[in-house]
Amino acid sequence: MFRRVVVISVLSGLLACAQAIHWDQTRAKALAAAQRQDYPEAMALFRELWANGRGDIELASAAQDLGTLLHYQGQEREAGVWLAHGVEHWQKVAGNPQRLPQNMLQLGIVYRRLGDYGAAERMLRDALAMPQIGVETRVKTINALADLIRDQGHTTEVRQLLSQTIGIPGLSWSVQIDSLMGIAGLERETGSAQESVARWREALELARANQSVAYEAVCLRGLGDALLETHEVAQAMPLLRRSVYLLESIDSPEPTQREIFQLANSRRSLAEAELMDRKPLEAEELAQRAIDDVVKASLETHPQAAALFDTLSEAQAARGKLAPALEALQRAKAILVEHFGDQSTIAIATGAKKGVLEERAGHSEEAVRDLGAAVTRIGRDRADLMRTRLRLLEYYAAALEATHRKQQAKAVRAEIKTSAVE
């Protein structure tokens, strides 16, 4: 009887060992298939791994791998389901596995792509709090969280986060570029255009050194945007055109959500340059084309779509088409209010632009009324809206001058000068 128990125990151990070896071999085949972009085979093998998984480690690994593959293919909703399974099973594994914060980072990024910014922020913050998080995963998570918070207009925390990524040795080139882009974008948004240009040039050089067309296109757009801040339209225009061209040249039969928005954002930036070059018709066509692509992919209510409607509204107002411009602006504001609330920085800033559109369209009396109300509503105590307030004051002064209120305009320009110094 004892011998029989021993034999059974040994055989069970050998069987378990054989099953583990087979599982590992199958995973190696799945990863190799994904590496050579044979996605159908990789998907089938990862699903087989999930079906044959024994214990939380194998189930977590299979779910994370499957979710990652779906994420790279742009199938964000299904990716989110599998990555959530991965997090669930990794949390049951003893010993603080390092793949748990990696899985949480991926799930946070997917939540953002799906427009669920609340869930994305919670997931990324929880990942950062994990004691076992590796250095590179930590930097990736900080970059992702900073991007998420920047979308909501909270620049102070963005700076605090990104300051933690500076000077860390041993990071991969792509993570270095992500950090540089985050810092460059922050510098532009906080008025340090020259510092932003320098950071974007550094990121662009790194992208070209590693022959990444996608990163080069994004860096060109960022550099162009930074140059527009200093009104260097002639320098920005070819960079932005090159960015659009590179993204259009990427051969992708079924573009992912990320690819759709990258191209849309480059078209939007080029539209902004055309506006500054006094070509509102070209600007409107570019903005409308960007929106059409987003609508075609059923992404028109995503938070990132708001900026596209915002730019379209400016182009239409510059052409004197005030009614459709105000409609586009309201569309942008509605998207932001839905996702972030009506008291969020970005929703208030967008809604306050009604007077800007009226001034652009030559409706000076209406602009004086609405800009004055917007400036009063924002007040001086919202540090997160200071740049928005200064821009509104510029348009307010112009509208006052156009309606021959010279003394009031002079007072507003004096306030702008004082605020800029502060």
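**A few points about the overall build of the chain**
- Regarding its fold elements, the chain presents 21 helices and zero strands.
- In terms of overall dimensions, the chain has C-alpha extents of about 105 × 40 × 40 Å along its principal axes.
- Counting all 422 residues of the chain, 48% fall into the buried class.
- Within the chain, residue pairs in contact and separated by at least 24 positions form 58% of the contacts whose partners lie at least 6 positions apart.
- Looking at the chain as shown, the accessible area adds up to about 20,800 Å², and 52% of this sits on carbon and sulfur atoms.
- A gap of 1 Å separates the mean positions of the 51 positive and 56 negative side-chain charges of the chain.

**Considerations on the packing of helix α7 (residues 135-151) against helix α9 (residues 173-189)**
- Put simply, α7 and α9 touch, their axes get as near as 10 Å, and they point 30° apart. When the interaxial angle is binned, α7 and α9 end up roughly parallel. Seen along the crossing, α7 lies across α9 with a hand that is left-handed. Across the interface between the two elements, E136, V139, K140, N143 and R150 of α7 pack against V175, D178, S179, G182, G185, L186 and E189 of α9.
- Considered class by class, the residues forming the contact of α7 with α9 number three nonpolar, four polar and five charged.

**Looking at helix α2 (residues 39-51)**
- Spanning 13 residues, α2 covers 18 Å between terminal C-alpha atoms, matching the ideal 18 Å at 1.5 Å per step.
- Along α2, the positions that sit buried rather than exposed are A42, M43, L45, F46 and L49. Buried positions in α2, seen along its axis, are confined to an arc of 165° and lie on one side of it. Residues of α2 that are exposed and point more than 90 degrees away from the buried face comprise P40 and A51.

**Observations concerning unusual backbone geometry**
- Non-glycine residue Q211 carries a positive phi angle of around 55°.
- Checked against the element boundaries, Q211 lands in the loop between α10 (193-209) and α11 (213-229).
- Here Q211 falls in the exposed class, since its relative accessible area comes to 71%.
- Even without a glycine there, the phi angle at H231 is positive, about 65°.
- Its location among the elements puts H231 in the loop between α11 and α12 (233-249).
- On the accessibility criterion, H231 (63% relative accessible area) is exposed.

**Digging into the side chain of S313**
- On the secondary structure map, S313 appears in helix α15 (residues 306-318).
- Excluding residues that lie within four positions of it along the chain, S313 makes contacts with A325, A328, L329 and L357.

Cut-offs used in this document
- Residues numbered from 1 in each chain as written.
- Predicted model: local features only at pLDDT ≥ 70, side-chain atom pairs only at ≥ 80, totals over all residues.
- Heavy atoms only, no water.
- Helix = DSSP H or I, 4+ residues; strand = E, 2+ residues; numbered from the N terminus.
- Buried < 20%, exposed > 50% of the residue type's maximum accessible area, 1.4 Å probe, protein only.
- Contact = heavy atoms within 4.5 Å.
- Areas by Shrake-Rupley, 256 points an atom, 1.4 Å probe, with all protein chains shown as cover.
- Lys, Arg positive; Asp, Glu negative; His and termini not counted.
- Charge placed at Lys NZ, Arg CZ, Asp CG, Glu CD.
- Axes fitted to C-alpha atoms, helices over the stretch in contact; angles between N-to-C directions.
- Parallel < 35°, antiparallel > 145°, perpendicular 65-115°, else oblique.
- Left-handed = near helix turned anticlockwise from the far one by under 90°.
- Nonpolar A, V, L, I, M, F, W, Y, C, P; charged D, E, K, R; others polar.
- Expected span 1.5 Å × (residues − 1).
- Arc of directions from axis to C-beta.

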